[in-house]
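# An overview of the molecular structure
This is what each chain is made of:
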Amino acid sequence: MEWFFIIIVGLCFGSFANVLIVRLPSNESIAFPASHCPKCKHKLRIYHNIPLLSYIFLGGKCAFCKKPISIVYPLVELSSAIIFTLIFYKLGITVFAIFTSLAFLLLLVLSIIDMKTLMASDSVNFSALAFAIFSSGSFVDNATNALLLAGALSLLRMGLSSLLKKEAMGEGDIILGATMGALLGAKGALLALFIAALAALLPALYNRRNNQAETPFIPYLSFGTLVVFIFEQRLFDLLGW
Ligand SMILES: [Zn+2]
């Protein structure tokens, strides 16, 4: 019964994540106007707004203009439910699990915005950091690890930028690094950075070969962070750390 409730909560937060993903990059208010079809602008009825289910019973089409609804909406809702379930499974039903789930939900929002626009939203980035600092573990340790990672990445950024003679990494990456430090500790954050770099290698090479645009890195960082958070102990045992 409680898992059913957690999945429903995850789906509803996923719905809210979609609002952030659609409205933040174009500087729209996240509260007004009410949900509407992005194509015909028709205001949605309450039963058009049920996470996951509406997409299925509408057959992936707007009820008014019949234009297709992006598959990204239900996928974000589903991912959010998976994030909530994993985090609550790992941490138990605690207030820490709520903060941690929200931090990871905002990483999901940052990831999708990065894939769409190659930009990081500062407000989402700082909110994720705040939730991460109040996540499980001691507040002081989390804040210290956040500063440590932000400092280390700033140094790396300065070094890389002077080496490459162009701006390497954005400020957004440094804030995200701080969030990773707060969630995982210094050791875990290093492992997550490594997993992210490994996972991004092939797509980045592919994009470069095909002369495509930059590869968004935030989705890989977020993925690495979730993997290390969930499997931390098993990964450390495996590596003998
Ligand atoms: Zn429509």
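This section reports on the structure supplied with the text. Sequence order sets the numbering: in each chain, residues are counted from 1 along the sequence as written. Only residues with pLDDT of at least 70 are given local features in this predicted model, and only at 80 or more are side-chain atom pairs given and counted; all residues enter the totals for whole chains, interfaces and linings.

On to the packing of helix α7 (residues 171-209) against helix α8 (residues 218-239), then. It is the contact of α7 with α8, at a shortest axis distance of 7 Å, that shows an interaxial angle of 110°. Relative to α8, α7 is oriented roughly perpendicular. Listed contacts from α8 to Leu176, Met180, Leu183, Leu184, Gly188, Leu191, Ala192, Leu193, Ile195, Ala196, Ala199 and Ala200 of α7 are Ile218, Tyr220, Leu221, Phe223, Gly224, Thr225, Val227, Val228, Phe229, Glu232 and Leu235. Class assignment of the residues belonging to the contact of α7 with α8 gives a composition of 19 nonpolar, 3 polar and 1 charged. Think of each axis as a best-fit line through the C-alpha atoms, taken over the contacting stretch in the case of a helix, with angles from 0 to 180 degrees between the N-to-C directions. Only runs of H or I of at least four residues qualify as helices and only runs of E of at least two qualify as strands under DSSP, and these elements are numbered from the N terminus. Roughly parallel covers angles under 35 degrees, roughly antiparallel covers those over 145, roughly perpendicular covers 65 to 115, and oblique covers all other angles. Working definition of a contact: two residues with C-beta atoms, positioned from the backbone, lying within 7 Å. We call Asp, Glu, Lys and Arg charged. Ala, Val, Leu, Ile, Met, Phe, Trp, Tyr, Cys and Pro are nonpolar, and the rest, Gly among them, are polar.

Moving on to the nonpolar core. If you look at the biggest cluster of nonpolar residues, it comprises 53 residues, and the most contacted ones within it are Ala103, Leu105, Leu106, Leu108, Val109, Leu110 and Ala128. Listed by contribution, the elements that provide at least two residues to this core are α1 (2-23), α3 (72-91), α4 (95-117), α5 (122-133), α6 (139-164), α7 and α8. Broken down by element, the residue count for this core peaks at 12 residues, all from α7. Connectivity within a nonpolar core runs through C-beta atoms within 7 Å, and the core itself is a set of buried Ala, Val, Leu, Ile, Met, Phe, Trp, Tyr and Cys residues. Once C-beta atoms are placed from the backbone, each residue is buried if 20 or more other C-beta atoms lie within 10 Å of its own, exposed if 12 or fewer, and partly exposed for counts between those two.

Take the packing of α6 against α7 next. A pair of packed helices can be characterised by two numbers: the angle between their axes and the separation between those axes. The contact between α6 and α7 brings their axes to 7 Å, and the two run at 120°. Between α6 and α7, the crossing angle belongs to the class labelled oblique. Between α6 and α7 lies a crossing whose hand is right-handed. The segment α6 lies against α7, with Asn142, Ala143, Asn145, Ala146, Leu148, Leu149, Ala150, Leu153, Ser154 and Arg157 engaging Asp173, Ile174, Gly177, Ala178, Met180, Gly181, Ala182, Gly185, Ala186 and Ala189. Grouping the constituent residues of the contact of α6 with α7 by class yields 12 nonpolar, 6 polar and 2 charged. Crossing handedness is read from the near helix: turned anticlockwise from the far helix by less than a right angle, it gives a left-handed crossing, and turned clockwise, a right-handed one.

It is worth spelling out α5 at this point. A helix is expected to span 1.5 Å multiplied by its residue count minus one. Look at α5: 16 Å from first C-alpha to last across 12 residues, which is about the 16 Å you get at 1.5 Å a residue. Every buried residue of α5 is listed here: Val124, Asn125, Ala128, Leu129, Phe131, Ala132 and Ile133. Looking at the buried positions of α5, the neighbouring elements they touch are α1, α4, α6 and α7.

Before going further, it helps to examine α7. Across its 39 residues, α7 extends only 27 Å between first and last C-alpha, which sits more than 12% below the 57 Å expected from 1.5 Å per residue. For a residue, the bend is simply the angle between two axes, fitted respectively to the seven-residue segment ending there and the seven-residue segment starting there. Of all bends in α7, the biggest is about 115°, found at Gly185. Directly beyond the C-terminal end of α7, a positive phi value near 55° is found at Asn211.

This next bit is on the environment of Ala143. Within the secondary structure layout, Ala143 lies in helix α6. Sequence separation between Ala143 and Ser54 is 89 residues, and the spatial gap between their C-alpha atoms is 40 Å.

Most of the time, phi is negative for any residue but glycine, and the peptide bond is trans. Its identity is not glycine, yet Asn27 carries a phi of approximately 60°, on the positive side. Even without a glycine there, the phi angle at Lys66 is positive, about 65°.

Take the environment of Leu190 next. Relative to the helices and strands, Leu190 is located in helix α7. For Leu190, a count of 17 C-beta atoms within 10 Å puts it in the partly exposed group. For the pair Leu190 and Gly177, spaced 13 residues apart in the sequence, the C-alpha separation amounts to 9.6 Å.

Honestly, that's just the spatial picture; any functional story needs more than this.
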